[in-house]
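If you want the building blocks of each chain, they are given just below.
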Amino acid sequence: MPDLLLELFSEEIPARMQRRAAEDLKSLVTNALVDAGLPYEGAKGFATPRRLVLHVAGVPAASAATREERKGPRVGSPDKAVEGFLRGAGLSSIDEATIQSDPKKGEFYVAVIEKPGRQAIDIIAEFMPGLIKGFPWPKSMRWGTGSMRWVRPLQSIVATFGPETEEPDVVPFEVEGVTAGQTTRGHRFLADEAFEVRRFDDYAPKLEKHKVVIDADRRKDMILHDARDRALALGLELVDDPGLLEEVAGLVEWPVVLTGTFDEAFLEIPDECIQLTIRVNQKCFVLRDPKTGKLANRFVLTSNLEASDGGKTIVAGNEKVIRARLSDARFFWETDLKTKLADNLPKLDSIVFHEKLGTQGERVKRIEALSAEIAPLVGADVGKARRAAQLAKADLVSAMVYEFPELQGLMGKTYAEKQGEDASVAIAIEDHYRPQGPSDSVPTDPVAIAVALADKLDLLAGFWAIDEKPTGSKDPFALRRAALGVVRIILENGLRLKLMPKIREAHVNLSTLDASNPRFKFEADIPEEWGGDEHFAKNIDLLSFFADRLKVHLKDEGARHDLIDAVFALGGQDDLLMVVKRVEALGKFVASDDGANLAAGYKRAVNILRAEEKKGGAPVTGRPHADHFKEQAEIDLAAAIDTARAEAEAAVKDENFEGAMEALSKLRAPVDTFFEDILVNDEDPDIRMNRLRLLSEIRDATHVVADFSKVAG
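Residues numbered from 1 in each chain as written. Predicted model: local features only at pLDDT ≥ 70, side-chain atom pairs only at ≥ 80, totals over all residues. Heavy atoms only, no water.

Visitor: Give a detailed account of the overall build of the protein, specifying residues and quantitative values.
Guide: Within the protein, the secondary structure is distributed over 25 helices and 18 strands. For the protein, the C-alpha radius of gyration of 35 Å lies well beyond 27 Å, the compact-globule estimate for 713 residues. C-alpha atoms of the protein, sized along the principal axes, occupy 105 × 95 × 55 Å. Every one of the 713 residues in the protein was classed for burial, and the buried ones make up 49%. Residue pairs at least 24 apart in sequence account for 69% of intrachain contacts in the protein once pairs closer than 6 positions are excluded. (Helix = DSSP H or I, 4+ residues; strand = E, 2+ residues; numbered from the N terminus. Rg over C-alpha atoms; globule rule 2.2 N^0.38 Å. Buried < 20%, exposed > 50% of the residue type's maximum accessible area, 1.4 Å probe, protein only. Contact = heavy atoms within 4.5 Å.)

Visitor: So what's going on with the environment of G186? Residues and values would help.
Guide: Of note, G186 is situated in the loop between β11 (183-185) and β12 (194-196). Relative accessible area serves as the criterion here: at 0%, G186 is assigned to the buried category. On a C-alpha basis, the gap between G186 and V213 in space is 9.9 Å, while along the polypeptide they are 27 residues apart. The residues contacting G186, other than those within four sequence positions of it, are R50, R51, A191, D192, E193, F195, H210, V212 and E253.

Visitor: So, the packing of aromatic side chains: which residues are in play, and what are the values?
Guide: In the structure shown here, the tally under the stated rule is 13 aromatic pairs. An angle of 80° between the planes, with centres 5.5 Å apart, marks the rings of F674 and F675 as edge-to-face. Since its relative accessible area comes to 0%, F674 is described here as buried. Taken together, the ring pairs in this structure connect F46, F200 and Y203 into an aromatic cluster. Against the face of F353 rests R363, its NZ or CZ located 4.7 Å from the ring centre. (Phe/Tyr/Trp six-rings, centres within 6.5 Å; stacked < 30°, edge-to-face > 60°. Lys NZ or Arg CZ within 6 Å of the ring centre and 35° of its normal.)

Visitor: Could you give me a rundown of helix α25 (residues 685-702), with the residues and numbers involved?
Guide: Taking 1.5 Å per residue, 18 residues should reach 26 Å; α25 reaches 26 Å between its end C-alpha atoms and fits that length. A large share of α25 lies buried, amounting to 13 of its 18 residues. Its side-chain oxygen at 2.9 Å from the backbone nitrogen of D686, D684 defines the N-terminal cap of α25. (Expected span 1.5 Å × (residues − 1). Polar contact = N/O pair within 3.5 Å; in protein donor to acceptor, adjacent residues only side chain to side chain.)

Visitor: Please set out helix α17 (residues 499-509) residue by residue, giving values where relevant.
Guide: Within α17, 8 of the 11 residues are buried, leaving the element largely enclosed by the surrounding structure. Residues of α17 that are buried include every one of L499, M500, K502, I503, R504, A506, H507 and N509, and no others.

Visitor: Describe the side chain of K603, and please don't skip the residues or the numbers.
Guide: With respect to the helices, strands and loops of the structure, K603 is situated in helix α21 (residues 593-616). Within the buried set, K603 has no salt-bridge partner at all; the shortest N-O distance to an opposite charge, 7.1 Å, is to D562. A polar contact is formed between the side chain of K603 and the backbone oxygen of V711, at a distance of 2.5 Å. (Lys, Arg positive; Asp, Glu negative; His and termini not counted. Salt bridge = Lys/Arg side-chain N within 4 Å of Asp/Glu carboxyl O.)

Visitor: Can you lay out the pattern of salt bridges for me, pointing to particular residues and giving the numbers?
Guide: Tallied over the full model, the rule gives 57 salt bridges. Between R488 and E492 there is a salt bridge whose closest N-O contact spans 2.8 Å. You can see R488 and its partner E492 sitting in helix α16 (residues 479-492), 4 residues apart, about one turn around the helix. Given a relative accessible area of 9%, R488 falls into the buried group. For E492, a relative accessible area of 45% puts it in the partly exposed group. Salt bridges here are not isolated pairs; linked through shared partners, they connect R363, R366, K393, D455 and D458.

Visitor: Outline the nonpolar core, supporting the account with residue identities and numerical values.
Guide: Counting 141 residues, the largest nonpolar core has L453, F546, L550 and F708 as the members making the most contacts within it. Ranked by residues supplied to this core, first place goes to helix α15 (residues 446-465) with 15 residues. In contact with L453, not counting residues within four places along its chain, are I374, V378, V486, I489, I490, L495 and L497. Ranked by size, the runner-up nonpolar core spans 40 residues in total, among them L54, V56, W137 and V171. (Core = buried A, V, L, I, M, F, W, Y, C linked by side-chain atoms within 4.5 Å.)

Visitor: Describe unusual backbone geometry, and please don't skip the residues or the numbers.
Guide: Looking along the chain, the bond that leaves R434 and enters P435 is cis, with omega of -10°. With respect to the helices and strands, P435 occurs in the loop between α14 (423-431) and α15. The backbone of E176 sits at a positive phi, close to 50°, despite the residue not being glycine. Relative to the assigned elements, E176 resides in the loop between β9 (174-175) and β10 (178-181). By relative accessible area, which is 37% here, E176 ends up partly exposed. Residues other than glycine seldom take positive phi values, yet K283 does so here, at roughly 55°. When you line up the elements, K283 lands in the loop between α7 (271-282) and β15 (285-288).

Visitor: Can you lay out the sheet that holds β15 for me, pointing to particular residues and giving the numbers?
Guide: The 4 strands are arranged β13-β15-β16-β14 in an open sheet whose pairing can be described as antiparallel. Unpaired on one side and paired on the other, β13 (237-238) and β14 (256-261) mark the two borders of the sheet. Both β14 and strand β16 (residues 295-303) contribute to a ladder of 6 bridges, which runs antiparallel. Its bridge partner lying in β16, T261 is registered against R298. Contacts from helix α5 (residues 216-233) reach β13, β14, β15 and β16, with the element oriented near 35° to β14. (Pairing = 2+ DSSP bridges. Axes fitted to C-alpha atoms, helices over the stretch in contact; angles between N-to-C directions.)

Visitor: With reference to specific residues and values, describe the pairing of strand β3 (residues 51-57).
Guide: Within a regular strand, the side chains alternate between the two sheet faces. Counting buried positions along β3 gives 7 out of 7 residues, so the element sits mostly inside the fold. Burial along β3 is two-sided: the face carrying R51, V53, H55 and A57 and the face carrying L52, L54 and V56 are both buried. With 6 bridges connecting them, strand β1 (residues 3-10) and β3 associate as antiparallel partners. Counterpart to L5 in the pairing with β3 is H55. Looking at chain direction, strand β2 (residues 42-48) and β3 are connected through 7 bridges and run antiparallel. For G42, the partnering residue across the bridge sits in β3 and is A57. Linkage of β2 to β3, two consecutive antiparallel strands, is achieved through a turn of 2 residues.

Visitor: Residue-level account of the sheet that holds strand β6 (residues 106-115), with values.
Guide: Overall, antiparallel pairing links the 3 strands, which are arranged β4-β6-β5 in an open sheet. The open sheet has two edge strands, β4 (66-74) and β5 (98-102), and neither has a second partner. Taken over all neighbouring pairs, the strand axes of this sheet differ in orientation by 35° on average, direction set aside. Two elements, β4 and β6, share 7 bridges in a ladder whose sense is antiparallel. For E69, the partnering residue across the bridge sits in β6 and is V112.

Visitor: Please provide a residue-by-residue account of the packing of α21 against α25, values included.
Guide: Across the interface, α21 lies against α25 with an axial gap of 9 Å and an inter-helix angle of 125°. Compared by their axis directions, α21 and α25 come out oblique. Helix-helix and strand crossings are classified by hand; for α21 and α25 the assignment is left-handed. Residue-level contacts link Y602, A605, V606, I608, L609, E612, E613 and K615 of α21 to R688, L692, L695, S696, I698, R699 and T702 of α25. Its residues placed into classes, the contact of α21 with α25 shows 8 nonpolar, 2 polar and 5 charged. (Parallel < 35°, antiparallel > 145°, perpendicular 65-115°, else oblique. Left-handed = near helix turned anticlockwise from the far one by under 90°. Nonpolar A, V, L, I, M, F, W, Y, C, P; charged D, E, K, R; others polar.)

Visitor: Residue-level account of the side chain of D575, with values.
Guide: Residue position: D575 is located in the loop between α19 (561-568) and α20 (576-591). Residues in contact with D575, not counting those within four places in the same chain, are L495, R496, L497 and K498.

Visitor: Tell me what's going on with the confidence of the model for the protein, and back it up with residues and numbers.
Guide: Of all residues in the protein, 96% have pLDDT values of 70 or greater, and the mean over the chain is 90. Within the model, the stretch residues 516-535 combines pLDDT values under 50 with 38 contacts to residues more than four positions away or in other chains. (pLDDT = per-residue confidence, 0-100.)

Right, dumping it as structure tokens:
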């Protein structure tokens with residue numbers, strides 16, 4: 001079957017856009033093929049700095065003919081209905097439709113729409129111009145006098161189509177003066193001559209002869225392999241940087257790895273500062289000494305040239321720039337060390353955190369107050385927690401963090417250590433930002449835990465207060481990440497911490513904002529009652545948000561979200577560690593025969609109650625009366641419920657959730673017997689109501705540990 005080769009050749013495409021663009025091109029073309037009735041066997045997209053490439057294998061030579069019968073309105077329907085039918089079916093007159101009869105519905109119009117098959121090359125030529133013009137670049141530009149927009153000026157198009165055994169045809173289309181052909185060019189500097197290609201099997205090898213590797217993953221492998229070999233030859237090891245590797249692979253079509261040096265005196269600067277300086281300014285990798293774990297005064301660069309002097313001039317140019325940038329970094333470092341972190345605090349009062357939530361200085365005060373409340377609950381020293389919270393944001397106004405925001409926290413820790421702050425305080429300054437992603441570790445030092453929780457709870461409470469919650473896929477303030485961070489810190493450190501009181505305290509702290517300042521005007525005033533036990537709807541909503549994040553976390557760990565719902569449905573579940581223990585115990589219980597059968601009996605009881613309550617308009621309440629029991633199964637079930645509920649409540653009070661489940665398991669046999677022997681809808685209304693109350697007792701007893709109505713299955 002024929003293959004399609006497509007190359008869109010342009011000026012340099014930004015590295016960050018290449019991989020996504022290759023996938024977009026693949027998706028757009030293959031979707032268009034399928035929509036046109038041209039299924040394919042396989043497709044793969046590629047990108048280099050100057051070209052997007054797509055190879056689609058196994059495309060039919062032509063689309064199949066189709067025949068469709070489209071049912072229309074009844075004969076004699078209003079003119080507007082008939083006209084709409086004709087437009088939809090593509091008919092010019094109702095005479096072109098046929099009439100069919102139905103014994104029940106009468107006569108109605110039917111349009112027979114027949115579409116002949118078309119040559120695939122014609123179909124491709126038809127949709128390609130619009131696809132290219134509408135390509136979804138994040139940013140695009142116009143050039144010359146044309147109206148077309150592309151990421152960079154489009155220079156040529158290769159588009160060939162045909163079977164492997166024949167000479168392929170050029171797909172005949174044109175986009176803003178650029179006509180598709182079969183001519184491309186090689187490397188801009190090493191092999192810039194034009195040459196013709198036929199299909200992908202000869203296109204890729206010819207490009208490689210012209211110093212272009214089209215597969216980005218292969219370019220990455222080449223860079224990584226050569227960089228590690230060069231490091232090994234120097235007795236050093238490469239500091240892995242996947243993000244930089246991806247970017248560098250998008251900057252070169254023919255990677256050539258070289259090494260350079262810088263003055264050893266710069267090694268006095270923290271390693272992270274050196275790495276960021278070299279990475280950001282020159283896109284180079286750094287090397288470290290495996291014996292000490294510290295950086296060496298060597299770096300690895302990736303060139304797009306095979307230079308006649310072996311790369312000496314290229315290396316010298318990079319060394320010159322890196323020397324200048326490291327001189328700047330050393331100046332920032334030395335300047336920052338002259339200023340105590342605490343002396344930076346007044347500067348935070350002039351930095352607006354959010355127009356409705358005050359300055360960074362005001363936020364620091366709130367975090368300090370909340371850290372002091374949390375510290376005793378996590379085993380942290382209150383004084384150290386306060387000090388760490390005071391200094392947590394102080395490095396934001398340092399010269400180094402201003403230049404490299406990625407170093408926030410780390411530089412604060414480093415400066416704190418140099419200035420003699422307590423070790424726990426220094427650790428907390430860096431770790432209070434953690435975890436910053438699913439692969440990041442959580443803080444483990446008690447002081448760091450206290451400040452990290454306070455920082456995240458203040459963030460969440462603040463944005464909940466001003467109704468800036470995440471919506472859909474939009475989460476500009478990373479609130480989901482903050483909530484998940486709280487969840488992970490609590491669970492991974494095994495903390496007993498009730499969230500609701502801390503959420504209320506965080507909300508109350510917001511009342512310290514100057515209400516007269518228009519920058520801090522809330523969409524709705526913060527009610528004083530948020531500090532009490534009533535009128536805390538936003539607190540409950542935020543707690544629900546934590547429940548959602550807990551579901552995400554536990555689902556990733558393999559837990560069932562319905563079991564989490566069953567526990568949270570009881571209300572007041574703000575001790576996340578206990579929620580998890582309940583979920584684990586509930587999971588084991590419902591997986592057992594006793595648990596599964598009790599859940600089935602529970603649902604049968606609840607379904608009967610729901611039907612009755614819907615019919616009567618009121619819930620079934622009250623205790624069943626012993627003098628209305630007629631059958632032994634009723635008597636046995638009532639006694640079993642009393643025993644099981646008492647044992648389950650005692651076990652829950654002792655936080656023995658496995659014991660609570662074991663107590664409930666004793667209900668299985670009497671519940672089964674009850675439904676086998678007893679007819680709930682007895683003719684005597686008193687007996688009937690008594691039995692409904694007994695079913696209500698089953699529901700209430702199981703709710704001691706979970707809402708079984710939320711359990712799936």
